[in-house]
Amino acid sequence: MTAQGAMHGVCLAFVLSLCVTVCIPACAGNVHEATIFYFDGDIETGRSIDLEQGYLLRVGDVRNDGATIDISNGGKKIANPDISKKSSYIYEKELGDVNYDIIKISLGETDTTSNTVSVIVEQYIDPDRSFDYPLISDVSVNIGEGDLEPLKEGYELGVESIADNNAILTLYKGDETVKQEKMYGDDPDKRRFVYMKKIGGDYHTILIAKLDLVSWDAKGGVAHLRGLSQFKDPEYVRTMGDAEESAHENESSSQSSPDDGGSSDKWNVRLAESTAFRYLLSGCVFAAIFALILLVTRMGQKRR
């Protein structure tokens, strides 16, 4: 191989590596924080759904092939997507050179006779707006069959039974069963357990969890849940008998508050979302590819 050929190979390696460097941050995709609201149901034309952080959705025109959805914040309309049936729309915001997914809207079947549409709404924390962080935020838990996982404000989450890759989850409030639902580990659309309350016409998300997988040990089946978050119950009233629980909550919050050093699960999320980190990662990939191509080129020279 001539010196000119070697130089050509080096230049080609540089160009290819530079392309990788430029493309990786662009292809990294959007990020989103923890889910703070989830709704799955039918909504009529003109009806609204109050979300968290001042967001509101209103169903507009319902057609055979889709529907229009108004997205407002603080009384101001910020988006008016026309969404096709059985498709999705994501409202996003750019903050500090990072694109955040804020609201994901998925449309199901429409019924023009009753002017209703089946809609799934998932809202993530908007880092640009104030938010009262959850009692429990986006954690993973493993619950054995027949066991209970203690939550906040008197709630408990249990696994009633496990069969195949499915699990029946039951949410208790004291001695009362407030929700029971079967989760299907093999169906991505039937893995999410959500408990909501409708208070004064508004929906309030109390608990969200997602079945990740089912495993088996010597004691029996175990349901592995991820993304478990619990939010304050507007109807929860503290009494003197809650003092011990309150102290326990304060201790837990001091370990997981996003404003203190105990939130060990926050720094790595921020790091991954950082534009500087993403370009640094791209630079490392660039250097590795460039070195690999140079090595191959030199090996080719030696063989000749």
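One structure accompanies this document, and this report is about it. Because the structure is a prediction, the values reported are computed rather than measured.

Things to note about the side chain of Ser229
So, point 1. Summarising the element assignment, Ser229 is placed in strand β17 (residues 220–230).
So, point 2. Ignoring any residue separated from it by four or fewer positions in sequence, one finds Ser229 in contact with Thr35, Ile136, Ser137, Asp138, Ile206, Leu207 and Ile208.

Comments concerning the pattern of salt bridges
So, point 1. Applying the stated criterion across every chain, the model contains 14 salt bridges.
So, point 2. With a closest N to O distance of 3.9 Å, Asp70 and Arg58 form a salt bridge. Separated by 12 residues along the polypeptide, Asp70 in strand β4 (residues 66–73) and Arg58 in strand β3 (residues 55–63) bring together distant segments of the chain.
So, point 3. The buried category is assigned to Asp70, whose relative accessible area is 11%.
So, point 4. For Arg58, a relative accessible area of 37% translates into the label partly exposed.
So, point 5. Across the salt bridge formed by Glu109 and Lys85, the nearest N and O atoms sit 3.8 Å from each other. With Glu109 in strand β8 (residues 98–111) and Lys85 in the loop between β6 (82–84) and β7 (88–95), this residue pair connects regions lying 24 residues apart in the sequence.
So, point 6. Exposure remark for Glu109: the relative accessible area of 43% places this residue in the partly exposed category.
So, point 7. Note on Lys85: relative accessible area 31%, which makes it partly exposed.
So, point 8. Here the salt bridges do not stand alone but share partners, grouping Asp61, Arg63, Asp65 and Asp82 into one network.

Thresholds applied
Residues numbered from 1 in each chain as written. Predicted model: local features only at pLDDT ≥ 70, side-chain atom pairs only at ≥ 80, totals over all residues. Heavy atoms only, no water. Helix = DSSP H or I, 4+ residues; strand = E, 2+ residues; numbered from the N terminus. Contact = heavy atoms within 4.5 Å. Salt bridge = Lys/Arg side-chain N within 4 Å of Asp/Glu carboxyl O. Buried < 20%, exposed > 50% of the residue type's maximum accessible area, 1.4 Å probe, protein only.

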